[in-house]
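Analysis of the macromolecular model
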Amino acid sequence: MSKEKVFEAVDFIKSNCTLVPSIGVVLGSGLGNFTSDLLIEKEISYKDIPNFPISTVEGHSGKLIFGELSGKKIVVMSGRFHHYEGYSAQEVVFPIRVMKCLGIKTLLISNAAGGVNPDFKVGDLMIIKDHVSQFVPNPLVGKNDIEFGPRFPDMSEPYNFKLIQTAKDIAGKNSIHLQEGVYISVTGPTFETKAEYRMIKAIGGDAVGMSTVQEVIAAIHMGLSCFAISVITDMWVEGFEIPITHEEVLQAAKAAEPKLKLIFNALIAVI
Ligand code: HPA
């Protein structure tokens, strides 16, 4: 995706909405209720924005929502793009580039993920402290545009340490138990085989999911600070494997959403 296409989308949005967001929020599967506390200024459907991909997955509505929350101007992606829908890695991160050009400095991300750490249980929230991106195409493959960022971005702290600390403080004050771990990204759309879950655990993963990492790579490329939380919607335990359905994933995400909402709201207030 060329920067001209990004700028075209940005120009369209700016001509329809004067709010300049400082924070971008990406909502994961079943986690759309976050926006109920938002003082909405403007909603723009993805389908109306030039060059924007269109979300197809169940549980994602597909619009940018601009508004104020906890005194901050934010933009929320209600519905995100997944590689498994057929979008290229560059298309998946297109909205992240657009949000950066609209003014965001910080990106908050949520997702649904499968847990492989035996200390976890369904419904837990896991702060992503690091990730493995190597199973999905990297969105920076191809000609680098120096206007967005460097050819070889550093990835020693993709998830901002200060934001993680602040989130832990918020969780502690509100008696919310937070897990912390490494997120392994896979393309999906198949859930993992037993052997794949075993591999994910063996390479140091605590959770596995089909989103987030490409978005974070593009965000870090552009110098944004990132914070991401997984809702553990299903567990893989060696010898006790049970089949998973997308409906169960959405249901578990919905049940854990109030905790996530509280943390995001409080975090936004202090960023
Ligand atoms: N695997 C991959 N992606 C997921 C899972 C899972 O177990 N749960 C929710 N998203």
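Nothing here was measured: the structure is a model prediction, and the numbers come from that model. (Residues numbered from 1 in each chain as written. Predicted model: local features only at pLDDT ≥ 70, side-chain atom pairs only at ≥ 80, totals over all residues. Heavy atoms only, no water.)

Here the focus is the overall build of the chain. Secondary structure assignment for the chain yields seven helices and nine strands. Computed over the C-alpha atoms, the radius of gyration of the chain is 17 Å, within 12% of the 18 Å expected from 2.2 N^0.38 for a compact globule of 271 residues. Each of the three principal axes of the chain carries a C-alpha extent, and together these read 55 × 40 × 35 Å. Put simply, the chain shows about 11,600 Å² of open surface, and 54% of that area lies on carbon and sulfur atoms. If the 25 positive side-chain charges of the chain are averaged to one point and the 30 negative ones to another, these points end up 5 Å apart. (Helix = DSSP H or I, 4+ residues; strand = E, 2+ residues; numbered from the N terminus. Rg over C-alpha atoms; globule rule 2.2 N^0.38 Å. Areas by Shrake-Rupley, 256 points an atom, 1.4 Å probe, with all protein chains shown as cover. Lys, Arg positive; Asp, Glu negative; His and termini not counted. Charge placed at Lys NZ, Arg CZ, Asp CG, Glu CD.)

Attention now goes to the packing of helix H4 (residues 161-173) against helix H7 (residues 246-270). In contact at an axis separation of 10 Å, H4 and H7 are set at 125° when each is read in the N-to-C sense. Of the possible angle classes, the one that applies to H4 and H7 is oblique. In the crossing of H4 with H7, the sense of the turn from one axis to the other is right-handed. Packed against H4, whose contacting residues are Leu163, Thr166, Ala167, Ile170 and Ala171, the element H7 presents Leu262, Ile263, Ala266, Leu267 and Val270 at the interface. Partitioned by chemical class, the residues of the contact of H4 with H7 number nine nonpolar, one polar and no charged. (Axes fitted to C-alpha atoms, helices over the stretch in contact; angles between N-to-C directions. Parallel < 35°, antiparallel > 145°, perpendicular 65-115°, else oblique. Left-handed = near helix turned anticlockwise from the far one by under 90°. Contact = heavy atoms within 4.5 Å. Nonpolar A, V, L, I, M, F, W, Y, C, P; charged D, E, K, R; others polar.)

This paragraph deals with the site of the ligand. If you check the shell around the ligand, you find 13 residues, and the closest are Ala112, Gly114, Glu192, Tyr197 and Asp234. Within the backbone of glycine 114, one N or O atom sits 3.3 Å away from a nitrogen atom of the ligand. In the model, a nitrogen atom of the ligand is placed 2.5 Å from a nitrogen or oxygen of the glutamate 192 side chain. The protein chains hide 96% of the 260 Å² of surface that the ligand would expose on its own. Sorting the residues of the shell around the ligand by element identifies strand E5 (106-115), strand E8 (207-209) and strand E9 (225-235) as the ones contributing at least two each. With three residues, the top contributor of residues to the shell around the ligand is E5. Residue composition of the shell around the ligand, grouped by class: eight nonpolar, three polar and two charged. (Near = heavy atom within 4 Å. Polar contact = N/O pair within 3.5 Å; in protein donor to acceptor, adjacent residues only side chain to side chain.)

Read these as layout, nothing more, since geometry by itself doesn't imply function.
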